[in-house]
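Fold and geometry: a report
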Amino acid sequence: MRKFSFFIAFLLLAGNAWAVTYYVDQTGGSDLKNGQSTDNAWKTIDKVNNSTFYSGDSILLKRGEIWREQLTPPSSGNAGMPITFGAYGNGDAPILYGLDFISSKLTGWTNNRAGVYSVAYPGVTGRVTFDGSLLTQNKSTPTSPATGEWGWSGTRLYVGDKPTDHTVSAYLPKAGWVAHVTKKYIAFDGITFDGTSVLYDGIKFDTGSSYCIVVNCTIRNHTSYYDQTYASSGILVRKDSTGNTFRNNVFENNGTDPYSHNIYLAGTNNVFEHNEVSGSFGWGVQVYSADSVTSNNIVRYNYIHNNGAGSRGGGIVLDSGVGNMAYYNIVESNNYGITVDESSSGTGVYNNTIINSTRNGITLGVGSSTATVRNNIVFGSRLDNYLCNGCSDPTQDHNLLDGTNPLFVSSSDYRLQSSSPAINGGVAIVGMMSDYSGNSIKGLPDIGAYEFQGSVGVPKKPTNPTGLTIE
Ligand SMILES: [Ca+2]
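Rules used throughout
- Residues numbered from 1 in each chain as written.
- Predicted model: local features only at pLDDT ≥ 70, side-chain atom pairs only at ≥ 80, totals over all residues.
- Helix = DSSP H or I, 4+ residues; strand = E, 2+ residues; numbered from the N terminus.
- Buried ≥ 20, exposed ≤ 12 C-beta atoms within 10 Å, placed from the backbone.
- Pairing = 2+ DSSP bridges.
- pLDDT = per-residue confidence, 0-100.
- Contact = placed C-beta atoms within 7 Å.
- Domains from an automatic or database assignment.
- Axes fitted to C-alpha atoms, helices over the stretch in contact; angles between N-to-C directions.
- Core = buried A, V, L, I, M, F, W, Y, C linked by C-beta atoms within 7 Å.

Observations concerning the overall build of the chain
Counting its secondary structure elements, the chain contains two helices and 42 strands. Counting only C-alpha atoms and orienting by the principal axes, one finds that the chain spans roughly 80 × 70 × 65 Å. Within the chain, buried positions represent 47% of all 471 residues.

Focus: the sheet that holds strand E10 (residues 133–134)
Taken in spatial order, the four strands of this open sheet run E6-E14-E9-E10, and their pairing is antiparallel. Bordering the open sheet on either side are strand E6 (102–105) and E10, each of which pairs with just one other strand. Bridging between E6 and strand E14 (residues 168–172) involves four bridges; their strand directions are antiparallel. Residue pairing in the sheet places Lys105 in a bridge with Ser169 of E14.

Thoughts on the confidence of the model for the chain
Across the chain, the average pLDDT comes to 91, with 91% of residues at or above 70. A low-confidence stretch, residues 457–462 stays under pLDDT 50, and its non-local contacts, those more than four residues away or across chains, total zero contacts. Note on residues 467–471: pLDDT under 50 across the span, and zero contacts to partners over four residues away in sequence or across chains.

Looking at the domain arrangement of the chain
The parts lose accessible area when they come together, and the size of an interface is often stated as this lost area. One can read the domain layout of the chain as domain 1 (1–89 + 181–196 + 206–224 + 237–252) and domain 2 (101–171). Each of domain 1 and domain 2 has a C-alpha centre, and these two points are 39 Å apart.

A look at the sheet that holds strand E28 (residues 298–300)
The sheet built from 12 strands is open, its strands ordered E1-E2-E4-E16-E19-E22-E25-E28-E31-E35-E39-E42 with parallel pairing. Only two strands of the sheet have a single partner each, and these edge strands are strand E1 (21–24) and strand E42 (395–397). On average, each strand axis in the sheet is tilted by 10 degrees relative to the strand beside it, whichever way the strands run. Where strand E25 (residues 271–273) meets E28, three bridges bridge the pair, whose relative direction is parallel. Opposite Phe272, over in E28, you have Val299 as the bridge partner.

Concerning the nonpolar core
With 93 residues, the main nonpolar core has Val24, Leu96, Val178, Ile203, Val285 and Ile316 as its most contacted residues. Once residues lying within four places of it in the same chain are set aside, the contact partners of Val178 are Gln70, Leu71, Leu96, Tyr97, Gly98, Phe193, Gly195, Val198, Gly202 and Ile203. Within the second largest apolar cluster, nine residues are counted, among which are Val128, Leu135, Trp150 and Trp152.

Observations concerning the environment of Gly313
Structurally, Gly313 is set in the loop between strand E29 (303–305) and strand E30 (314–319). On the basis of neighbour counts, which here come to 27 C-beta atoms within 10 Å, the residue Gly313 falls in the buried class. As a C-alpha pair, Gly313 and Cys391 span 78 residues in sequence and 19 Å in three-dimensional space. Ignoring any residue separated from it by four or fewer positions in sequence, one finds Gly313 in contact with Pro258, His261, Ser280, Phe281, Gly282, Trp283, Asn307, Gly308 and Asn335.

Some thoughts on unusual backbone geometry
Phi is positive for Asn221, close to 65 degrees, though the residue is something other than glycine. Within the fold, Asn221 resides in the loop between strand E20 (218–220) and strand E21 (235–237). By C-beta crowding, Asn221 is classed as buried, having 25 other C-beta atoms within 10 Å. Despite not being glycine, Asn351 shows a phi value in the positive range, around 55 degrees. With respect to the secondary-structure elements, Asn351 resides in the loop between strand E35 (348–350) and strand E36 (353–355). Here Asn351 falls in the buried class, since 29 other C-beta atoms lie within 10 Å of it.

Here's the deal with the environment of Phe272
Within the fold, Phe272 resides in strand E25. We classify Phe272 as buried; it has 30 C-beta atoms within 10 Å. When the C-alpha positions of Phe272 and Asn249 are compared, they lie 9.6 Å apart, and in sequence the two are 23 residues distant.

Here we look at the environment of Gln417
Relative to the assigned elements, Gln417 resides in the segment after E42. According to the C-beta neighbour criterion, Gln417 is partly exposed, with 18 such atoms within 10 Å. In this structure the C-alpha to C-alpha distance between Gln417 and Cys388, which are 29 residues apart in sequence, comes to 30 Å. The contacts of Gln417, once residues within four sequence positions are left out, are Leu407 and Val409.

Structure below.
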């Protein structure tokens, strides 16, 4: 018995001493090797998917490499010892495209009018190339693409150059995700998830997943919604997935219809922080599930801009649950800024800086009850800076949203000048100790996402060096 206890103590002390690091190199690896050094790296994601891992193990993908495979983590980690999918080596982050394209060369064009040509096409295309070079998708006027553009409408694909002068190819994405997670305690660190080749979401945290983390990743180009059949978000977290963290990632160009988003959080107790989120047709961050169980999610310290091109969406929407919160975010140039709606209660919207919204800055919809809107700057909204649109029992105080100029440092730097009316204009909120930049709160909280730290732009006087002698 004594010996057994000693062994347990050793295990506890050692932590993950037996954790193994595996390496994957698409160009130089081989699945016949053991994967446990850079010289013995595996080659494929398929090998990873069909292996067994243990708590604390790491699977590192070589930087500069590309995989056209779908990652499905095969094993769960434990609390404090996740199974980590990371990166090694030098250069650009490893890229996962999920799956390969199905390509086809296009012939049989019709000249619709001067400079515009079209061809019958079944829809859902990820990319179009002329002689191997990518064209840019025209989403707003797809039947009138300019030179170098393509569009898709109805059952036809349009280009703005004479196609018979080129080899024209279109690429159909496949039905799938770049990563599909059904395990717990999975970490993704420093990987690029690019969705141009898949129809569904970038990463789906599906039934069975929880307590996962995505950090330092790029999630981009999940845009495969052309025929109203598929909705693609950058990350989709299902309603039964809880306790996940998303930190310090870049989300760009995910979601090409009003109902798909950069991130779609349908679960509970998720934290979404320090991310840059832009270019969604729907919402930058959507917190919602149809059966109202999406509660206690936190969206904080993010830079959320230029979302909602589809006119329905915008920066952040907090719906359908109890106690969801958005605080200390910069929400800039979205369609709507922050919206609270659909059977939500006790939602908190605190200390955000919301500027230049195309429509409303903050909207509390008819489905919102007992929301609190406090310490926010809302400025330059094309419609209302703040609108209770049939909401019930709202609390709205200590905001700067009546059109008063907040006196930002500049039109692109939303820190406060020393004469800003936002300084010390807020009220303390339990648990909120630092601002968007991580600075501490001085005196009363300022209104907005930045706490004034003293004169901006004037460097501190250097202190005199000590211990030096001048000869
Ligand atoms: Ca203050």
